[in-house]
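The chain contents come next:
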Amino acid sequence: DYFLPHTIGVTELSDFDGFFKHFIMHSGLAYKYYDFRKRVQNELDIAGTVKNWIGRTEWDRIGAQCLNKNSRYFHCDELMRDEFMRMQWNYHYDECLNITSIVGEELYKGVDVVLKTALLLKQMNVNFRWQLYGISRTSQILKFFERRINIKAEDVNVACSGSLPSQALSVALLDSDLYVHPSHIENSSNAIAEAMSLGLPIIAMYTGGNPTMLDGGTGILSQPGDTYMLAYNILQMTNREYACAFAEKAFAKARARHDSSSVVNRLMDIYNIIING
């Protein structure tokens, strides 16, 4: 059960939410956990009847076969929004490392990883700024982890800027020195795909579909939960030659992977195969 990060129990979530929010309003972190479990069971029940799957990662393929060994699996990559296919990142590190992550209002999105790693970087006297998009300063997820691990975002150079429209997000990524994807659970991350399409150097956790997304030396896969390893990998990206090697490979891989004509043609081929039996 990876919805809850290691060492965190559902009782702790209920205590944080409070009686009124959980039992009267049917909201809060614990309620989301129970709702997630129900949705997982529904999907497991449905999965046994699925005859054809379309996916994008090796994690997809393995999962589909385990859920229904008699089903067929088809690989098909996704289309990217135009804003992420128009420009290319360039190295511009200027002694202050600008890190960007896109997270969300879920416990498994890695906000705890960001806070712990940022604290470690600060203790190492690294000059950095870590920008989080997808959550605001009032986020319940952020408040929970700040209380849980006793680290305040602003004390460790972490800023939360909420959600941005795609054009503004692409500009923010281009202004960054690297993209870090801290999520404990992942499949084919749109955020990773967008950062790759712009040609950023990328670090992600070795989990789910990330090894497929960042194959062929297109990014660094860091051990989940190991903040020392993540901090080390982040610092490596201050080296121009090292960072650009990953960035160039990521850019080339993403532009081929998300080529609109190739994706559409592949999807039509899959539909024809399924229709024709």
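See the structure printed just above.
Residues numbered from 1 in each chain as written. Predicted model: local features only at pLDDT ≥ 70, side-chain atom pairs only at ≥ 80, totals over all residues. Heavy atoms only, no water.

Caption draft 1: Just the pairing of strand β4 (residues 128-133), in detail. The sheet contact formed by strand β3 (residues 97-102) and β4 spans six bridges and is parallel. Directly across from N98, in β4, lies its bridge partner R129. Taking the sense of rotation as the criterion, the β-α-β connection linking β3, helix α5 (residues 111-123) and β4 turns out right-handed. Direction of pairing for β4 relative to strand β5 (residues 158-160): parallel, over a ladder of three bridges. Considered in β5, the bridge of Q131 is made with A159. Between the parallel elements β4 and β5, the chain passes through helix α6 (residues 140-149) in a crossover that is right-handed. (Pairing = 2+ DSSP bridges. Helix = DSSP H or I, 4+ residues; strand = E, 2+ residues; numbered from the N terminus. Right-handed = clockwise from strand over helix to strand, strands pointing away.)

Caption draft 2: Just unusual backbone geometry, in detail. Unlike most non-glycine residues, E95 shows phi in positive territory, near 80°. One non-glycine residue, N157, lies in positive phi territory at about 65°. For N157, the location among the structural elements is in the loop between α6 and β5. Given the relative accessible area of 31%, N157 is considered partly exposed. (Buried < 20%, exposed > 50% of the residue type's maximum accessible area, 1.4 Å probe, protein only.)

Caption draft 3: Just the packing of aromatic side chains, in detail. In this structure the tally under the stated criterion is six aromatic pairs. Here the aromatic rings of Y33 and Y34 are separated by 5.3 Å at their centres, their planes lie at 65°, and the arrangement is edge-to-face. Among the aromatic residues, ring-to-ring pairing joins F16, F144 and F145 into one connected group. (Phe/Tyr/Trp six-rings, centres within 6.5 Å; stacked < 30°, edge-to-face > 60°.)

Caption draft 4: Spatial organisation of the side chain of H181. Position of H181 relative to the elements: it lies in strand β6 (residues 178-181). Polar side-chain contacts of H181 include one of 2.7 Å to the side chain of E186. Sequence-distant contacts of H181, that is, excluding residues within four places in its chain, are made with I102, E186, S189, A191, I192, I203, A204 and M205. (Polar contact = N/O pair within 3.5 Å; in protein donor to acceptor, adjacent residues only side chain to side chain. Contact = heavy atoms within 4.5 Å.)

Caption draft 5: Quick peek at the sheet that holds strand β8 (residues 220-222). Pairing is parallel across the open sheet formed by six strands, whose spatial order is β5-β4-β3-β6-β7-β8. Of all the strands in the sheet, the pair left with one neighbour each is β5 and β8. The average undirected angle you get between the axes of adjacent strands in this sheet is 25°. Here β6 pairs with strand β7 (residues 202-205) via three bridges, running parallel. Bridge pairing links Y179 to I202 in β7. Sitting on the sheet, helix α7 (residues 166-174) is in contact with β3, β4 and β6, with an inclination near 145° to β3. (Axes fitted to C-alpha atoms, helices over the stretch in contact; angles between N-to-C directions.)

Caption draft 6: Inspection of the packing of helix α1 (residues 10-17) against α6 at higher detail. One can describe the packing of α1 onto α6 by two numbers: an axis separation of 11 Å at closest approach and a directional angle of 110°. One way to sum up the angle between α1 and α6 is to call them roughly perpendicular. Listed contacts from α6 to E12, L13 and F16 of α1 are Q140, K143, F144, R147 and R148. Per-class residue counts for the contact of α1 with α6 are three nonpolar, one polar and four charged. (Parallel < 35°, antiparallel > 145°, perpendicular 65-115°, else oblique. Nonpolar A, V, L, I, M, F, W, Y, C, P; charged D, E, K, R; others polar.)

Caption draft 7: Focus on the pattern of salt bridges. What the rule picks out here adds up to 11 salt bridges. R148 is the partner of E12 in a salt bridge, and the nearest nitrogen-oxygen pair spans 2.4 Å. Remark: R148 occurs in helix α6 and E12 occurs in helix α1; sequence separation between them is 136 residues. Using a relative accessible area of 30% as the deciding quantity, one classes R148 as partly exposed. For the salt bridge of K32 with E106, the shortest nitrogen-to-oxygen distance reads 3.8 Å. Of the two residues, K32 sits in helix α3 (residues 29-47) while E106 sits in the loop between β3 and α5, which places them 74 residues apart along the sequence. Several salt bridges converge on common partners, so that one network encompasses R137, E146 and E154. (Salt bridge = Lys/Arg side-chain N within 4 Å of Asp/Glu carboxyl O.)

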